[in-house]
Amino acid sequence: MNPHFNCSRNSSKSDRIYVNVRFNLLVLSLIVLMIVTSDMYAKGQVNQSDEDHTLSGKHFDEKMSSDDIAALFISIHNSVSEYQSIPEPGPRIPIDETMFAVIDRHALQAPASVRNSIENLADYLTAPARNDIEKIRSIYRWITENISYDVHGFRTGNYGNLSPEGVLASGSAVCSGYTGLFGKLASAAGIEVVEINGWAKGIGYKAGDPVDGPTNHAWNAVKIGDGWYLIDSTWGAGSSDGINFVRRFDEHYFLTPPEQFIYDHLPENPSWQLLEIVLSKAEFVRLPFVKSIFFRNGLRIGSHFQSVIQANHRLSITLWAPSDIALFVSLIRDKQVLDKSLTFAQREEGSLYQIDAEFPDRADYILRIFIKHVKETGPYWQAIDYKVEVDEGLPGFIGFPEISSAFQERDVYLYTPKSGYLQSDATHQFRLKVPRAQKVAVIIGNNWFYLKENGDFFEGNILIQKGEIKVCAEFFDQGHYECLLSYTVF
């Protein structure tokens, strides 16, 4: 599962860059206001009976008390803070890993000798950078490769020295240490940077879980040109196998588009969502629980845009996925993975995937969707979770036919029969779309029943008898049959 880490304490440096700016503007505004007001009194331009020149019902005159001045100070502070706390997002920067090949190599080859200070490391990392993006990239790539998440500290609360200098020396931190070090290096390189507190759907989070209590994570924003961009070097460094930190570089958390970042990061200050329409905490919880691989591989939600789904007996959802992506779906109840026959995934026309599920009992389920590239031989990776609340289950034989890898790789689509259990001594209609197939046969024991061809479509009515049932196809680019589906007879 490789969940990402949260922090178990808040960063104390959230939105740091604005503190000095706000204070300076506040003091300046107060001074200007006092000077202007005094000058207006001197010139007789202020009518002390004019209620437009009052503060909480009191006049601006020489009799203003210290409390009045404090109230004025707070009023100006709130106005300045409100204005200053609206960062503007920058235009989207398309990220291609190859565009950073040179600067990444430079960062990964940093000698140990430059780790003796923040300034020396920042100078080394940014020396060959051609622009601010490459400076930020070099810092991000070095941190994700050289700082390990402190799993023991996360679990025990013994964090050690989380100052930028302490993290640089130890090579270990929780999220506030990552963000602090990133911020110090970026600042040393002349980059405007803030540290943001918020809530994240990290380790232990399940689809539909509420987001309660104090903030549990921290990340950064950087300014490039006139716009701000989001970065999470903690999650970019790796994740957890449940016990240990597993370093696995994640491109997704470098200059992440705000509309994607919001799925698993909610800043305490809503303006740092960098969205035109900000989300509430409740709306954040309702977003489906997605992993970075979902966005990295170009997937999009098709039909269900909320994390919790109410269902009765059956559920059908859709996702958009590139043609080279294969899906695997798992149904989980009470932390137990249920029989794989309860889910069925197949590609419709183009890039639309249809995912079906059937539920045996009234209960809460997790519908978990995994993906991988069709030609890859490695494992499927968790991409998105839904919580499904089922009010009534299905009795009897339920489930779908078992599909092979060839079923997905060949873009096969099954229309009928969708049930994985076929009654014996009964006639069933078979209808499939099998592109580039010469022949398609339903095989019962040793008997082969060929379906009628109509372009890419193959169909026919077959009398089912007891025995093993498979649907197999011969393709133009193969000299043998590949089995696509298998059924159980009762």
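It should be noted that the structure appears before, not after, this text.
Description of the structure in this document. (Residues numbered from 1 in each chain as written. Predicted model: local features only at pLDDT ≥ 70, side-chain atom pairs only at ≥ 80, totals over all residues. Heavy atoms only, no water.)

A sheet is described by the order of its strands in space; here five strands give the open sequence β10-β7-β6-β5-β11, paired in antiparallel fashion. The sheet is open, and its two edges are formed by β10 (254–256) and β11 (265–267), each paired on a single side. For this sheet, the mean inter-axis angle between neighbouring strands, taken without regard to orientation, is 50°. Across five bridges, strand β6 (residues 217–224) lies against strand β7 (residues 227–231) in antiparallel orientation. Opposite Ile 224, over in β7, you have Gly 227 as the bridge partner. Helix-sheet contacts for helix α5 (residues 132–146) involve β6, β7 and β10, and the interaxial angle to β10 is about 110°. Its contacts with the sheet place helix α8 (residues 175–188) against β5 (193–200), β6 and β7, and it is angled at close to 20° to β6. (Pairing = 2+ DSSP bridges. Helix = DSSP H or I, 4+ residues; strand = E, 2+ residues; numbered from the N terminus. Axes fitted to C-alpha atoms, helices over the stretch in contact; angles between N-to-C directions. Contact = heavy atoms within 4.5 Å.)

Inspection of every chain in the model, using the stated rule, returns 24 aromatic pairs. Residues Phe 344 and Phe 407 carry aromatic rings whose centres are separated by 5.8 Å and whose planes lie at 65° to one another, so their mutual orientation is edge-to-face. Placement of Phe 344 in strand β18 (residues 343–347) and of Phe 407 in helix α13 (residues 405–409) is noted, with a sequence separation of 63 residues between them. An identical accessibility class is assigned to Phe 344 and Phe 407; each is buried. Every member of this aromatic cluster is reached through a ring pair, and the members are Phe 100, Tyr 140, Phe 249 and Phe 254. The residue whose ring lies beneath Lys 281 is Trp 199, and the NZ or CZ to ring-centre distance is 3.9 Å. (Phe/Tyr/Trp six-rings, centres within 6.5 Å; stacked < 30°, edge-to-face > 60°. Buried < 20%, exposed > 50% of the residue type's maximum accessible area, 1.4 Å probe, protein only. Lys NZ or Arg CZ within 6 Å of the ring centre and 35° of its normal.)

A word on the sheet that holds strand β25 (residues 426–433). Picture the strands of a sheet paired through backbone hydrogen bonds; they go either parallel or antiparallel. With respect to topology, four strands assemble into an open sheet ordered β23-β25-β29-β28, the strand pairing being antiparallel. With one partner strand each, in any of the chains shown, β23 (413–416) and β28 (452–454) form the two edges of the open sheet. When strand polarity is set aside, the average angle formed by the axes of neighbouring strands in this sheet is 20°. Sheet topology note: the β23/β25 ladder contains three bridges and is antiparallel. Across the sheet, residue Thr 416 finds its bridge partner in β25, namely Arg 431.

In terms of burial, strand β26 (residues 437–444) is largely enclosed, as six of its eight residues are buried. The pairing of β26 with strand β30 (residues 469–475) spans seven bridges and is classified as antiparallel. Looking at the pairing, Ala 437 lines up with Phe 475 of β30. In the sheet, β26 pairs with strand β27 (residues 447–450) via four bridges, with the strands oriented antiparallel.

With that settled, consider the side chain of Thr 343. Relative to the helices and strands, Thr 343 is located in strand β18. Look past the residues within four positions of Thr 343 in its chain and what remains in contact with it is Val 329, Ser 330, Leu 331, Asp 356, Ala 357, Leu 367 and Phe 400.

Tracing the sequence through the fold places Ile 443 in strand β26. Look at Ile 443 and you get buried, because its relative accessible area is 11%. As a C-alpha pair, Ile 443 and Ser 486 span 43 residues in sequence and 9.4 Å in three-dimensional space.

Here the focus is the packing of helix α4 (residues 118–126) against α5. The geometry of a pair of packed helices is captured by two quantities: the angle between their axes and the separation between those axes. Contact pair α4 / α5: the axes reach a minimum separation of 8 Å and the direction vectors enclose 120°. Taken as axis vectors, α4 and α5 run oblique relative to one another. Remark: the crossing between α4 and α5 carries right-handed chirality. Seen from α4, the contacting residues are Leu 121, Leu 125 and Thr 126; seen from α5, they are Lys 135, Ser 138, Ile 139 and Trp 142. For the contact of α4 with α5, a count of residues per class yields four nonpolar, two polar and one charged. (Parallel < 35°, antiparallel > 145°, perpendicular 65-115°, else oblique. Left-handed = near helix turned anticlockwise from the far one by under 90°. Nonpolar A, V, L, I, M, F, W, Y, C, P; charged D, E, K, R; others polar.)

Take the packing of helix α3 (residues 101–108) against α5 next. The contact between α3 and α5 brings their axes to 9 Å, and the two run at 45°. Considering the angle they form, α3 stands oblique to α5. Note on packing geometry: the crossing formed by α3 with α5 is right-handed. Across from Ile 103, Asp 104, His 106, Ala 107 and Leu 108 in α3, the residues of α5 making contact are Glu 134, Arg 137, Ser 138, Arg 141, Trp 142 and Glu 145. Here the contact of α3 with α5 is built from residues that sort into four nonpolar, two polar and five charged.

Honestly, that's just the spatial picture; any functional story needs more than this.
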